[in-house]
Amino acid sequence: MFFCFVAGLPLLYINNFYLKFIHRKLARNWNPVGKVVVITGASSGIGESLAHQFARCGCILVLCARREALLAAVSEVCKSYGAKDVITATVDVTKESEITTLIRKIENEYNRIDCLILNAGISMGERLDEINDFGIIRQMMEVNYFGSTNFVYQALPLLKRSPKSRIVVVSSASGIVGVPFRTGYCGSKFALRGFFTALACELSEYDIYVTIAYPGPVKTKINDARLGTNPRELDISNGITSEKCAQIIYEATLNGDKDIMFENLGRFVRLTEGPFPYLVGWFADQTQKRLCEKK
Ligand SMILES: NC(=O)c1ccc[n+]([C@@H]2O[C@H](COP(=O)([O-])OP(=O)(O)OC[C@H]3O[C@@H](n4cnc5c(N)ncnc54)[C@H](O)[C@@H]3O)[C@@H](O)[C@H]2O)c1
């Protein structure tokens, strides 16, 4: 039995590679020029870099986040980079009515969405028994999970009006492996994986491509807004830049890839999390403890 499994592994690998090839072939011919690209959490970090990346391709950008002044600044840069048009909207993704208003606005202006990038998110840095308000865990789910799932729910009719449209959700490596000090964060990102994997199946008949990105550390200001009374800071100084992260996400979006594992470590974790859960769990535990410094 074991021998059959080991001997069959290369076959499984080749099969998977073949299916990926077919998938990319079907997703092909999606030219970003003039496409309506909606990005949540576009005021800073990965979202801002994604806005720059798509602006350079002459896209029509709809940028949303909560901080109006920052959004306006991102919009100016995008215009100078060649965006065909830029709309900014102050939207808190936890507020259903604000999402609805934006979707109506996009429908009136463009009557379609070609690419929806669900990037808005917040982080945390405390153990569950250090948290003095369970509201933190709820807030994680409200922003990271319900913010993205409600947005895609409301945007679906417009996504269906565009051939081969794209949905991209920015999860995290912590959406594949549980790590300490991040129960709520991991919970929200794991949940995104389940939701969007299922949604990808449902949408295949409409020729809509769903990409889930699982970045490891990225050098952004995400730590500035982490929840908690005295949260630990995850040292992301050795992470990739947000520009690099955006470029990887952009290429996977064009390919219509199902998921994105970022660096070699991420790919290793992906391959080993199923067969070697104790090893991956121990490794994640050690790494997080090393990276998290008490403020
Ligand atoms: N930085 C990392 O190391 C890292 C690693 C993996 C995944 N991620 C994920 O990448 C995404 C972007 O994070 P980032 O690192 O660029 O951090 P960031 O803090 O620079 O960006 C987060 C963005 O989300 C927006 N946002 C937060 N709450 C919101 C709300 N309620 N409504 C609307 N917008 C809201 C912020 O205003 C900001 O524009 C997040 O989903 C995060 O979980 C980050």
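Scroll up for the structure.
In this report, the structure presented in the accompanying data block is examined. Nothing here was measured: the structure is a model prediction, and the numbers come from that model. (Residues numbered from 1 in each chain as written. Predicted model: local features only at pLDDT ≥ 70, side-chain atom pairs only at ≥ 80, totals over all residues. Heavy atoms only, no water.)

Right, let's talk about the site of the ligand for a bit. With respect to spatial proximity, 27 residues lie near the ligand, and among them S43, S44, N119, Y185 and T220 are the closest. Interatomic distance of 3.1 Å between a backbone N/O atom of G41 and an oxygen atom of the ligand. In the environment of the ligand, an oxygen atom lies 2.8 Å from a nitrogen or oxygen atom belonging to the backbone of I46. Summarising the interface, the protein chains cover 96% of the accessible area of the ligand, which totals 820 Å² for the free molecule. For the shell around the ligand, the elements supplying multiple residues, two or more each, are helix 2 (45-55) and helix 6 (183-203). (Near = heavy atom within 4 Å. Polar contact = N/O pair within 3.5 Å; in protein donor to acceptor, adjacent residues only side chain to side chain. Areas by Shrake-Rupley, 256 points an atom, 1.4 Å probe, with all protein chains shown as cover. Helix = DSSP H or I, 4+ residues; strand = E, 2+ residues; numbered from the N terminus.)

A few words on the packing of helix 2 against helix 3 (residues 68-80). At a closest axis distance of 8 Å, the pairing of helix 2 and helix 3 adopts a crossing angle of 25°. As summarised for this structure, helix 2 and helix 3 are arranged roughly parallel, according to the angle between their axes. The element helix 2 and its partner helix 3 pack so that their crossing is right-handed. The residues of helix 3 that touch helix 2, namely those facing E48, A51, H52 and A55, are V74, V77 and C78. Tallied by class, the residues present in the contact of helix 2 with helix 3 amount to five nonpolar, one polar and one charged. (Axes fitted to C-alpha atoms, helices over the stretch in contact; angles between N-to-C directions. Parallel < 35°, antiparallel > 145°, perpendicular 65-115°, else oblique. Left-handed = near helix turned anticlockwise from the far one by under 90°. Contact = heavy atoms within 4.5 Å. Nonpolar A, V, L, I, M, F, W, Y, C, P; charged D, E, K, R; others polar.)

Here Y209 shows up in strand 6 (residues 209-214). Separated by 15 residues in the primary sequence, Y209 and G194 place their C-alpha atoms 16 Å from one another. With sequence-adjacent residues up to four places away left out, Y209 is seen in contact with H23, L26, A27, K164, S165, R166, I167 and G256. Here L26 takes part through its backbone oxygen, which lies 3.2 Å from a polar atom of the side chain of Y209. In this structure the side chain of Y209 is engaged in a polar contact, spanning 2.8 Å, whose partner is the side chain of D207.

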